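Tertiary structure, described
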Amino acid sequence: MHIHSQARCESIQNQHQHQQHIEKGLHTLLDRLIKKINRDNLIRKTVNQIREALQVDRVVIYYFYEQWHGQVTFESLSSKKLSILGSKGADNCFNDEYATLYLDGRIRAIADIELEPIHPCHQDFLRSIQVRANLVVPIVISRGLWGLLVAHHCHNARVWSKTDIEIMQKGAQTLATNSKILES
């Protein structure tokens, strides 16, 4: 009898340890999920506020998931028809040269893609996503270039004002310095 009660005691102990392990895993998963939801809410709120302030057709976050390869992970739109969510962009156009410029804080304001002297690859890509004017500001964190904050005017040309650029810079800075972004 003594051997059976000892085995049963060990079995109960193993079940208890297993249950604790599952609870710890669920707690970790829940914690990560809450952080992701909070991060996503901050990003969504930021891009929506920028689009409204600039009165543009689209504001997107182009997130780099590996060196110089990324995709549009968030967008705020004036019309659902303008969605480019998930677009990977023209990766073959974005190289180390551009990355270095953005890492150094480059801001790129194009008033009219039809008149601006830009690389044909870039111009064709912008046309394919219905962009006529765009404004790009880097989101740089301590680890490097996290992403790009991009405003698109789709229906006609637009000269970007100093205020427009400041709004975008403030949005990029809000994202670049927020702990929710830094942890992602």
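Scope of this entry: the structure provided in the associated data block. The model shown is predicted, which means the values in this text are computed figures rather than measured ones.

What about the overall build of the chain?
If you tally the helices and strands in the chain, you get five helices and five strands. Seen in sequence order, the chain has helices and strands lined up from the N terminus as α-β-β-α-β-α-β-β-α-α. The burial tally for the chain puts 39% of its 184 residues in the buried class. Considering only residue pairs separated by 6 or more positions, the chain has 58% of its internal contacts joining residues 24 or more positions apart.

Topic: the pairing of strand β2 (residues 69-77)
Relative to β2, strand β1 (residues 58-66) runs antiparallel, the two sharing eight bridges. Counted as the bridge partner of Val59 is Ser76 from β2. The turn linking β1 back onto β2 is made up of two residues, and Trp68 within it adopts a positive phi angle of 60 degrees.

Let's talk about the side chain of His152
By the element assignment, His152 lies in strand β5 (residues 144-153). Excluding residues within four positions of it along the chain, His152 makes contact with Val56, Asp57, Arg58, Ile84, Ile129, Val131, Ala133 and Asn134.

Some points on helix α3 (residues 120-128)
Within the sequence span of α3, burial applies to Gln123, Phe125 and Leu126. For α3, the angular spread of the buried residues around the axis is 165 degrees, confining them to a single face. Facing away from the buried surface of α3 by more than 90 degrees, the exposed residues are Pro120 and Ser128. The inward-facing, buried residues of α3 abut β4 (133-141). Residue Gln130 follows α3 closely and has a positive phi angle near 65 degrees.

Observations concerning the sheet that holds β4
Strand order in the open sheet formed by five strands is β2-β1-β5-β4-β3, with antiparallel pairing between adjacent strands. Pairing within the sheet leaves two strands with one partner each, and these edge strands are β2 and β3 (108-110). Averaged over all pairs of adjacent strands, the angle between their axes in this sheet comes to 20 degrees, without regard to strand direction. Relative to β5, β4 is paired through nine bridges, and the arrangement is antiparallel. Residue pairing for β5: Pro138 is matched across the bridge by Leu148. Along the sheet, helix α4 (residues 162-177) contacts β1, β4 and β5; its crossing angle with β4, the most-contacted strand, is approximately 30 degrees.

Quick notes on a nonpolar patch on the surface
A cluster of nonpolar side chains, namely Leu30, Leu33, Ile34 and Ile37, defines an oily patch on the protein surface of about 350 Å² accessible area. The topology assignment puts Ile34 in helix α1 (residues 2-54). Residue Ile34 is classed as partly exposed on the basis of its relative accessible area, which comes to 43%.

What counts, and at which threshold
Residues numbered from 1 in each chain as written. Predicted model: local features only at pLDDT ≥ 70, side-chain atom pairs only at ≥ 80, totals over all residues. Heavy atoms only, no water. Helix = DSSP H or I, 4+ residues; strand = E, 2+ residues; numbered from the N terminus. Buried < 20%, exposed > 50% of the residue type's maximum accessible area, 1.4 Å probe, protein only. Contact = heavy atoms within 4.5 Å. Pairing = 2+ DSSP bridges. Arc of directions from axis to C-beta. Axes fitted to C-alpha atoms, helices over the stretch in contact; angles between N-to-C directions. Patch = residues over 30% accessible without salt bridge, like charges linked within 9 Å, V, L, I, M, F, W, Y side chains within 5 Å. Areas by Shrake-Rupley, 256 points an atom, 1.4 Å probe, with all protein chains shown as cover. Salt bridge = Lys/Arg side-chain N within 4 Å of Asp/Glu carboxyl O.

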